Amino acid sequence: MAENKKVTVSDVTHEKNQQERDKLYNKYVKQVTPKHNPWLNLIQAYLVGGIICCIGQAFINFYKNQGADKELAAAYTTASLVLIAVLLTGFNVYQKLAKFAGAGSVVPITGFANSVAAPAIEFKKEGQVFGIGCKIFTIAGPVILYGIFSSWLLGIIYWLLKICKII
């Protein structure tokens, strides 16, 4: 048999107070939550990502003009972009760029360099091992893990397709 619980006046008052607090809290959250314009975000990401890629292309052209072949120029370009991103992270400029550009600054190699450098800078006060050593791949670790795993998986699939003479 189900128990009948008596509802008192204080229970009803408590319920109304709780509902009123919930309404006020939801109103406050709505008020302080930043409003984002997806079209503006898209344009900003596209522009910044495009500028980073143009800078990368300028590095490739520069290194080719200095006599490097295509592969060496690409390697130097990658190293140059990583160095610039780490320096900008150290001077707290890359975070401002990332806030403005969103994915436009996160997707290129510069975003990966920032994701490795930022935790190292943040946790350096905890020491070489427990600070930098343990925290340096906090953000980049999953990217490395799933990048390696997916490339391994795709390699196995490719190998099986070659054995079965499908490709």
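All residue numbers here refer to positions counted from 1 along the written sequence of the relevant chain. Reporting in this predicted model follows two pLDDT cut-offs: at least 70 for local features of residues, and 80 or more for side-chain atom pairs to be given and counted; totals over whole chains, interfaces and linings ignore these cut-offs and use all residues. Here the side-chain values reflect all heavy atoms present in the structure, with hydrogen atoms and water set aside.

Caption draft 1: Examining the side chain of Asn-114 more closely. Along the chain, Asn-114 turns up in helix α6 (residues 109–122). Buried means the residue's accessible area, taken with a 1.4 Å probe over protein chains only, is under 20% of the maximum for its type, while exposed means over 50%, and partly exposed covers the values in between. By relative accessible area, which is 13% here, Asn-114 ends up buried. Counted as a polar contact is a pair of N or O atoms within 3.5 Å, where, for protein atoms, one must be capable of donating a hydrogen and the other of accepting one, and residues adjacent in sequence contribute only when both atoms are in side chains. A polar side-chain atom of Asn-114 sits 2.7 Å from a polar atom in the side chain of Thr-89. Pairs of residues are marked as contacts when any of their non-hydrogen atoms sit within 4.5 Å. Among residues more than four places away in sequence, those in contact with Asn-114 are Thr-89, Tyr-94, Gln-95 and Pro-119. What counts as a helix is a DSSP run of H or I of at least four residues, what counts as a strand is a run of E of at least two, and both are numbered from the N terminus.

Caption draft 2: Seen up close, helix α3 (residues 70–90). Multiply 1.5 Å by the residue count of a helix minus one, and that product is the helix's expected span. With 21 residues, α3 ought to run about 30 Å at 1.5 Å a step, and its terminal C-alpha atoms sit 30 Å apart, in line with that. When α3 is considered as a whole, its buried residues turn out to be Ala-73, Thr-77, Ser-80, Leu-81, Ala-85 and Thr-89. All buried residues of α3 project into a common sector of 170° when viewed along the axis, lining one side. The exposed residues of α3 that point more than 90 degrees off its buried face are Glu-71 and Leu-83. Those residues of α3 that are buried are in contact with α2 (38–65), α4 (94–101) and α6. The arc under discussion is defined with respect to the helix axis, by the directions toward the C-beta atoms.

Caption draft 3: Here's a closer look at the packing of aromatic side chains. Only Phe, Tyr and Trp rings take part, Trp by its six-membered ring, and two of them pair if their centres are within 6.5 Å. Stacked means planes under 30 degrees apart, edge-to-face means over 60, and tilted covers everything else. This model, assessed by the stated rule, comprises four aromatic pairs. An angle of 65° between the planes, with centres 5.4 Å apart, marks the rings of Phe-62 and Tyr-63 as edge-to-face. Tyr-63 gets classed as buried once you look at its relative accessible area, which sits at 17%. The rings of Phe-59, Phe-62, Tyr-63 and Tyr-76 are connected pair by pair, giving a single aromatic cluster.

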